[in-house]
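In case you want the letters, here they are:
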Amino acid sequence: MSFQVPTNIITGFLGVGKTTTIINLLKNKPANEKWAVLVNEFGEIGIDGALLENQGALVKEVPGGCMCCVAGLPMSVGVNALLRQKPDRLIIEPTGLGHPKEIIAILTSKQYAPYVDLKATVALLDARNLSNQKYTNNQNFNDQLAVSDIVIANKSDQYSAQDTQTFEHWVNEQQPQKTATQLAVNGNFELHLLDAQRAMNVEIDDHTHQHISQDIPELSLEPGEKFLRKENKGQGYFSCGWFFGAETEFDFDDLFSVFSDLTAERIKAVVNTDKGCFAFNVANQVVSVNELTLSGFESKIEVIDSQLMPWQQLEDVLLSIIK
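Residues numbered from 1 in each chain as written. Predicted model: local features only at pLDDT ≥ 70, side-chain atom pairs only at ≥ 80, totals over all residues. Heavy atoms only, no water.

1. Examining helix α6 (residues 139-146)
Piece 1. The set of residues buried in α6 consists of N140, F141, D143, Q144 and L145.
Piece 2. Tucked inside the fold, the buried residues of α6 contact β1 (5-11), α4 (100-107), β6 (122-125), α5 (133-136), β7 (150-153) and α7 (161-173).
Piece 3. Regarding α6, its N-cap is N138, as a side-chain oxygen of that residue lies 2.9 Å from the backbone nitrogen of N140 further along. (Buried < 20%, exposed > 50% of the residue type's maximum accessible area, 1.4 Å probe, protein only. Helix = DSSP H or I, 4+ residues; strand = E, 2+ residues; numbered from the N terminus. Contact = heavy atoms within 4.5 Å. Polar contact = N/O pair within 3.5 Å; in protein donor to acceptor, adjacent residues only side chain to side chain.)

Listed below in structure tokens is the structure:
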């Protein structure tokens, strides 16, 4: 490659709207540019890749936990594959339970210095979480904000006046000051912020979280197998994902009801239903649905919670609403 690819990390905790933000960025990118996205998910199934491919991006997925926790191998494989396609910009979306400091260290290493121009790191924040000790006592939550150059307070249409004031106070307390901060809805912010220079100095400390997988898994069904299930756990969270063959079709209304009733902290799905193909996104028991232009794909469902849930019971329910 004869040039460095402008690269941004877009980080943020579970359910803050990273994928929606990246989809909006892709919709608004210059029409003549080709963008690539490396997406990392805590769950083993991997949902976001299908959503981003639906926007025409070059996409590589690293499911199964924080991609820096595996000696950087899956991350390097994914980054290298995308760089070989000579994108005009590379976006990296770590899992909401990821460690952006280590990702920054990899991207600024001698290995990538000739190929990657790491720009500002963008952190998405739900400012309501600044008043919740569940988040403010979480090391990952704090690290994601600490290494960010730009902080976007997302879902601001749902804030109270106190939430907005708390965010403004937090911004004023930052030392050093952030390059930019703003309120946003659906992750919408101006593209020019991606070209801001990286300002935060990052010191890498050893971390002791669980190392999960050594390979990038390929999901496939054996002959006669209708679905598979994969579980993961780490950093106080549990996930369970299901992968169904392309011939499987769910009852849309029943699936919507199931997702609405679940108390899990995070649910994502791309699913074939009797009403078409849809993406489901659930945070705080609020279900968002978007129709996809894709068709005939394998359905994927991923559930994440800080408590171990009765996965078999949920699986039985899912199987009962297949058409």
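2. Some words on the pairing of strand β2 (residues 35-40)
Piece 1. Counted residue by residue, β2 has six buried out of six residues, so it is predominantly covered.
Piece 2. Burial along β2 is two-sided: W35, V37 and V39 and A36, L38 and N40, pointing in opposite directions, are all buried.
Piece 3. The pairing of β2 with strand β4 (residues 89-93) spans five bridges and is classified as parallel. Opposite V37, over in β4, you have I91 as the bridge partner.
Piece 4. In this sheet, strand β3 (residues 58-62) lies alongside β2 in parallel orientation, the contact comprising five bridges. Directly across from V39, in β3, lies its bridge partner E61.
Piece 5. A crossover links β2 with its parallel partner β3, the connecting element being helix α2 (residues 48-53), and its sense is right-handed. (Pairing = 2+ DSSP bridges. Right-handed = clockwise from strand over helix to strand, strands pointing away.)

3. Remarks on the sheet that holds strand β13 (residues 286-291)
Piece 1. Ordered in space as β9-β10-β14-β11-β12-β13, the six strands form an open sheet in which the pairing is antiparallel. Strand pairing shows two members of the sheet lacking a second neighbour, β9 (227-234) and β13, which therefore form its edges. Strand-to-strand, the axes of this sheet are offset by a mean angle of 15°, without reference to chain direction.
Piece 2. Here six bridges tie strand β12 (residues 276-283) to β13, and the two strands are oriented antiparallel to one another. Directly across from A283, in β13, lies its bridge partner V286. (Axes fitted to C-alpha atoms, helices over the stretch in contact; angles between N-to-C directions.)

4. Examining the environment of Q111
Piece 1. On the secondary structure map, Q111 appears in the loop between α4 and β5 (116-118).
Piece 2. Each C-alpha atom, one on Q111 and one on S76, is 9.7 Å from the other, the two residues being 35 residues apart in sequence.

5. Quick look at the confidence of the model for the protein
Piece 1. The pLDDT averaged across the protein works out to 87; a share of 90% of its residues lies at or above 70.
Piece 2. Element-level mean pLDDT values for the protein span from 74 in α2 up to 98 in β7. (pLDDT = per-residue confidence, 0-100.)

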